[in-house]
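What follows is the residue order along each chain.
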Amino acid sequence: MARHGLDAEAKKGLTLIAPPLLYALAVLAAPLLTILTYSFLKDGYLEVIAEFTWGNYAQVLTDPIVRTIMLRSLIVAAMVTLVTVLLAFPIAYYVSFMVRPERKSMWLFLITIPFWTSYLIRVFLWKVILGYNGVINSTLTGLGIIDEPLTFILYNVNSIVLTLAHAYAPFAILPIFVALEKIDRSLLEAGRDLGESRAMTFWRVTLPLAMPGVIAATLIVFIPTIGDYVTPELIGGGKIPMIANLIQVQMLALDNRPLGSALAVTAMLTVALVSVVFLFLNRRFLRMRQ
Amino acid sequence: MSDDHRPMIECQAVQKYYGDYHALRGIDLAIREGEFFSLLGPSGCGKTTLLRTIAGFEGISSGAVLIDGKHMEDVPANKRPTNMVFQSYAIFPHLTVAQNVAFGLRRDPRGKAEKTALVEDVLKMVGLSGYGGRAAHELSGGQRQRVALARALILKPKVLLLDEPLSALDRKMREQMQVELIKLQRQIGITFVLVTHDQEEALVMSDRIAVMFEGEIAQLDGPEALYARPANRRVADFIGVMNFLPARILAETDEGARVEVAGLGEVELPRAQISRANPEDEGVMVGFRPETMTLMGPGQIHYQTRETGATIDEVVYYGDMTYYDLRLDGSARLDGRPRTVRISMRNVFGRDVQDVGTRTQLAWSPGSLVLFR
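Throughout, a residue's number is its position along its own chain's written sequence, starting from 1. To label them, take the chains in the order written and letter them from A, then take the ligands in the order written and number them from 1. Totals for whole chains, interfaces and linings use every residue, but because this is a predicted model, local features are given only for residues with pLDDT of at least 70 and side-chain atom pairs only at 80 or more, for both listing and counting. As a rule here, side-chain values come from all non-hydrogen atoms in the structure, and water together with hydrogens is ignored.

**With respect to the overall build of chain B**
Looking only at helices and strands, chain B features eight helices and 20 strands. Think of it in three bands: residues with accessible area under 20% of the maximum for their type are buried, residues over 50% are exposed, and the middle band is partly exposed, with areas taken using a 1.4 Å probe on protein chains only. Out of the 373 residues belonging to chain B, those deemed buried represent 51%. Working rule for contacts: check all heavy atoms of both residues, and any pair within 4.5 Å makes them a contact. In chain B, 67% of the contacts between residues at least 6 apart in sequence involve partners at least 24 apart. Taken as a whole, chain B presents about 16,900 Å² of accessible surface, with 49% of it coming from carbon and sulfur. Here Asp and Glu are counted as negative and Lys and Arg as positive; His is not counted, and neither are the chain ends. Here the site of a charge means atom NZ of a Lys, CZ of an Arg, CG of an Asp or CD of a Glu. Where the 45 positive side-chain charges of chain B centre and where its 49 negative ones centre are 5 Å apart. Helix numbers and strand numbers start at the N terminus; a helix is a DSSP run of H or I with at least 4 residues, a strand a run of E with at least 2. Only the protein chains shown count as cover for residues, and the accessible areas themselves come from Shrake-Rupley with a 1.4 Å probe.

**Comments concerning the overall build of chain A**
The helix and strand inventory of chain A stands at twelve helices and two strands. Along the chain direction, N to C, the helices and strands of chain A fall in the order α-β-β-α-α-α-α-α-α-α-α-α-α-α. Every radius of gyration here is taken over C-alpha atoms, with the globule rule written as 2.2 Å times N^0.38, N being the number of residues. Here the C-alpha radius of gyration of chain A, 24 Å, is well above what a compact globule of 290 residues would show, namely 19 Å. Expressed along its principal axes, the backbone C-alpha trace of chain A runs to roughly 85 × 70 × 35 Å. Counting over 290 residues, chain A shows a buried share of 38%. Here the analysis covers contacts within chain A between residues at least 6 apart in sequence; of these, 68% occur between residues at least 24 apart.

**Concerning the nonpolar core**
Membership of the largest hydrophobic core comes to 71 residues, with the highest contact counts inside it found for I176(A), I9(B), L29(B) and L39(B). The element that contributes the greatest number of residues to this core is helix α7 (residues 157–181) of chain A, accounting for ten residues. Setting aside its immediate chain neighbours within four residues, L29(B) contacts I9(B), E10(B), C11(B), F37(B), L39(B), L50(B), A210(B), I217(B) and L220(B). To form a nonpolar core, buried Ala, Val, Leu, Ile, Met, Phe, Trp, Tyr and Cys residues must be joined to one another through side-chain atoms within 4.5 Å. In this structure, V126(B), L128(B), I154(B) and M177(B) belong to the second largest nonpolar core, which totals 34 residues.

**Concerning the packing of helix α4 (residues 104–111) of chain A against α7(A)**
Geometrically, a packed helix pair is captured by the angle between its two axes and the distance between the axes. All names here are of chain A. Axis lines are fitted to C-alpha atoms, over the contacting stretch for helices. Their N-to-C directions set the angle, which ranges from 0 to 180 degrees. Packing of α4 against α7 leaves a shortest axis separation of 10 Å and a crossing angle of 160°. Viewed along their axes, α4 and α7 adopt a mutual orientation that is roughly antiparallel. Between α4 and α7, the contacting residues are K104, L108 and I111 on the first element and P170, I173, L174, F177 and E181 on the second. Polar here means any residue outside two lists: the nonpolar Ala, Val, Leu, Ile, Met, Phe, Trp, Tyr, Cys and Pro, and the charged Asp, Glu, Lys and Arg; Gly therefore counts as polar. Looking at the contact of α4 with α7 residue by residue, the classes come out as six nonpolar, no polar and two charged. When describing relative orientation, an angle under 35 degrees is termed roughly parallel and one over 145 degrees roughly antiparallel, while 65 to 115 degrees is termed roughly perpendicular and anything else oblique.

**So, the interface of chain B and chain A**
Facing the 23 residues of chain B at the interface are 21 residues of chain A. Defined in terms of a 1.4 Å probe, buried area is the accessible area two parts forfeit on being brought together, summed over both. Counting the surface lost from both chain B and chain A, the interface buries some 2,100 Å², and carbon and sulfur atoms represent 56% of this. Among the residues of chain B in contact with chain A, N78(B), H94(B) and F103(B) are the three that bury the most area, contributing 31% of the side total. Salt-bridge detection follows one rule: a side-chain nitrogen of Lys or Arg within 4 Å of a carboxyl oxygen of Asp or Glu. Counting across the chain B and chain A interface gives three salt bridges.

**Focus on helix α2 (residues 55–62) of chain A**
What α2(A) keeps buried is the set N56(A), Y57(A) and V60(A). On an axial view of α2(A), the arc spanned by its buried residues comes to 95°, and they lie on one face. Taking the helix axis as origin, the arc is that swept by the directions to the C-beta atoms.

**Some remarks on the sheet that holds strand β11 (residues 243–252) of chain B**
Residue and element names in this part refer to chain B. Between any two strands, pairing holds if DSSP finds at least two bridges. What the five strands build is an open sheet, ordered β13-β12-β11-β14-β20; its pairing is antiparallel. The open sheet is flanked by β13 (265–270) and β20 (370–372), the only strands paired with a single partner. Shown here is a sheet whose adjacent strand axes are inclined to one another by a mean of 40°, direction ignored. In the sheet, β11 pairs with strand β12 (residues 256–261) via five bridges, with the strands oriented antiparallel. Bridging from a neighbouring strand, A251 pairs with R258 of β12.

**So, the domain arrangement of chain B**
All names here are of chain B. The start and end points of each domain follow an automatic or database-based domain assignment. Taken domain by domain, chain B holds domain 1 (7–228), domain 2 (240–286) and domain 3 (287–366). If you average the C-alpha positions of domain 2 and of domain 3, the two centres end up 20 Å apart. Counting residues at the interface gives 21 residues for domain 2 and 19 residues for domain 3. Summing the contributions of domain 2 and of domain 3, the shared interface buries around 1,700 Å²; its carbon and sulfur component is 59%. On the surface where domain 2 and domain 3 come into contact, there are zero salt bridges. By residue number, the principal contributor to the side of domain 2 that touches domain 3 is β11, which donates six residues. Tallied by class, the residues present in the side of domain 2 that touches domain 3 amount to twelve nonpolar, five polar and four charged.

**Some thoughts on the pairing of strand β2 (residues 21–32) of chain B**
Residues and elements named next belong to chain B. Here strand β1 (residues 7–18) runs beside β2; their pairing, made up of nine bridges, is antiparallel. Each residue of the ladder has a partner; that of Y17, found in β2, is H22. A loop of two residues connects β1 with β2, the two strands running antiparallel in sequence, and G19 in this loop sits at a positive phi of about 60°.

**Considering the pairing of β13(B)**
Residues and elements named next belong to chain B. Direction of pairing for β12 relative to β13: antiparallel, over a ladder of six bridges. By the bridge assignment for β13, E260 is matched with E266. Here β12 folds back onto β13, and the loop between the two strands holds three residues, one of which, G263, carries a positive phi near 85°.

**What to know about the pattern of salt bridges**
Using the criterion set out here, one finds 27 salt bridges over all chains in the structure. For E58(B), the salt bridge identified is with R52(B), shortest N-O distance 3.2 Å. The salt bridge partner of K158(B) is D68(B), with a shortest N-O separation of 2.8 Å. Taken as a pair, K158(B) in the loop between α4 (141–153) and β7 (159–163) and D68(B) in the loop between β4 (62–67) and β5 (70–71) lie far apart in primary sequence, 90 residues in all. Each of E189(A), K16(B), R52(B) and E58(B) takes part in one network of salt bridges that share partners.

**Structural notes on the sheet that holds strand β16 (residues 306–317) of chain B**
All names here are of chain B. Pairing within the open sheet is antiparallel, and its five strands lie in the order β15-β19-β16-β17-β18. Here the strands that pair on one side only, and so sit at the sheet edges, are β15 (294–295) and β18 (340–346). Pairing geometry for β16 and strand β19 (residues 359–364), over six bridges, is antiparallel. Paired with G309 across the bridge in β19 is Q361.

**Some points on the confidence of the model for chain A**
For chain A, mean pLDDT is 87; residues scoring 70 or higher make up 96% of the total. Element-level mean pLDDT values for chain A span from 80 in strand β2 (residues 48–49) of chain A up to 95 in helix α8 (residues 185–193) of chain A. Confidence of the prediction at every residue is given by pLDDT, a number between 0 and 100.

**Overview of the packing of aromatic side chains**
Stacked, edge-to-face and tilted labels apply to pairs of Phe, Tyr and Trp rings (six-membered ring for Trp) whose centres lie within 6.5 Å, assigned for plane angles under 30 degrees, over 60, and everything in between, in that order. This structure, assessed with the given rule, holds 18 aromatic pairs over all chains. Taking the centre distance of 5.2 Å and the plane angle of 55° together, the rings of Y94(A) and W107(A) count as tilted. Of this pair, Y94(A) sits in helix α3 (residues 64–98) while W107(A) sits in helix α4; the two residues are 13 residues apart in sequence, bridging distant segments of the chain. Residue Y94(A) is classed as partly exposed on the basis of its relative accessible area, which comes to 39%. Where F213(B) meets F238(B), the ring centres are 5.7 Å apart and the plane angle is 85°; that geometry is what we call edge-to-face. Of the two residues, F213(B) sits in strand β9 (residues 208–213) while F238(B) sits in helix α8 (residues 233–238), which places them 25 residues apart along the sequence. By relative accessible area, F213(B) is classed as buried at 7%. An aromatic cluster is present here, built from F40(A), F52(A), W54(A) and Y57(A) joined pairwise through their rings. The rule for a charge over a ring is simple: NZ of Lys or CZ of Arg within 6 Å of the ring centre, and within 35 degrees of the ring normal. Positioned over the ring face of F115(A) is R122(A), at 5.0 Å from the centre of the ring. The cationic tip of R233(B) hangs over the ring face of F244(B); the distance from NZ or CZ to the ring centre is 4.9 Å.

This is the structure we're talking about:
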């Protein structure tokens, strides 16, 4: 009886998940499998030869250019993440602890304002601000503070980090804000009551309890930035490519789809590895809580 | 309680405003060293605010707060010789039980081994021996409360502040913790200040109780005095059940008053049974507790001096007790409105529960009456 009931229930469940499952297979699994398949095939002239090879991966792992660009992507993503999270924390803290409860939603709303324009336009605007004849340089030369335009703010890693950190700021603020909101305020009073100053209470109570939010923010910023294509292209002037730019070059400009696919798969595995480390860290923090 | 009655906490004309809201309206209070003191009142009466001003979480608008003879107005919470058990317990969720208990020992100069032993000692004292390694979320409500207690007591505060510590526990657990807290307080001898809205809890646990209404202390007394001689009708109503009957003062001297009470007739009441004047009370009333009178029945023996005829209006059976609502003969005599009073009788062997509508006699003594005027 029970078994029969379970079967009927299972059938019902399967029927329910069938449409989203099909959808997920079509738009997620199928493209991924295609890329994975391509990465093991040989590249011919204007065509892909259906022959198995490890060659693409060998090239990806040994080519110094690929290694440089992969490393640069990792470093840029790490820097962006660091800058974003460090800047986001005080904002999230301010909104959670200093802003009156009835004003909090307004503050969060204001934080999303940059999202009202497209990502592409925001990146382009940073180019206008940071450029050779851009807002910063023309202001500074106009005021006579500098004689020549500053060059370290455009077409290099600094400008990429700056642009991406701005673009992803809300993504970092929100998870940290949520983690801070969840902290029972009496815990902070307990910290003070047990003899700790405000600073030590922050260090021993607030920060450890906010860690799940910080780790979530880190992941949310790190994963998309490592594969960012637009910012290095526009802000970096195409001269300092990241992994996404390299994949694009292989896939389209050089028409080497197997190598491009192998690059993509490698990049994905790298991100996955980093993410797993962070998820593991988060699990540790979460286990200590409820 | 210490003999010299040295005040451990003194509040002098403490005023506290939140914007326009007047939360504390001139609190004058001296809590003795080693005393179990309770702040009792309905929610919003300012009892928690007063506790938090003692702990240092709230500043005061004017007045003075002294702990152990030292002014505390400019001393932050972390520098005060008080520790608190929070209503929510505020157990740090990211730390184990032992780490929670040792939280305040960071700057203690003692060695690690010594601190570990101390933590184990304190855990043993609160009945949590061997729980040191547990995570906070593995604990029940009662255990969390014990951790909160251990965490505060390990710092040897001069005053332990308890903010409704038992309100989250179920009845059995609460009664058990009440007894344990009393024992603990006697054992370590430090001053306990308890905030509660539960009058029974305050009566059970305290040496003295301050009853608060609307930011003011309405009465400060020991449990028995508070119960038997409430200062005004509001206190009488808040602590336990009290019956009120309209009364008329026939004559008043320095020794007492001769009063006519609706349904009870004329009585002489000595000064001790006359409460302070209270402008909020309308009219003169006489009050008495349900258990001070005896409902007559077959085989009922009593030592009361007076009897009054009554009719049983309602019977509420509680197992160990029965509550009777009685309509007293002649209770409408003073203002034309008949009154019912509530009498409680213990259901001892050989005494039957009486039925609704029964004509009966109520036996009573003038000694149990309190005049509110």
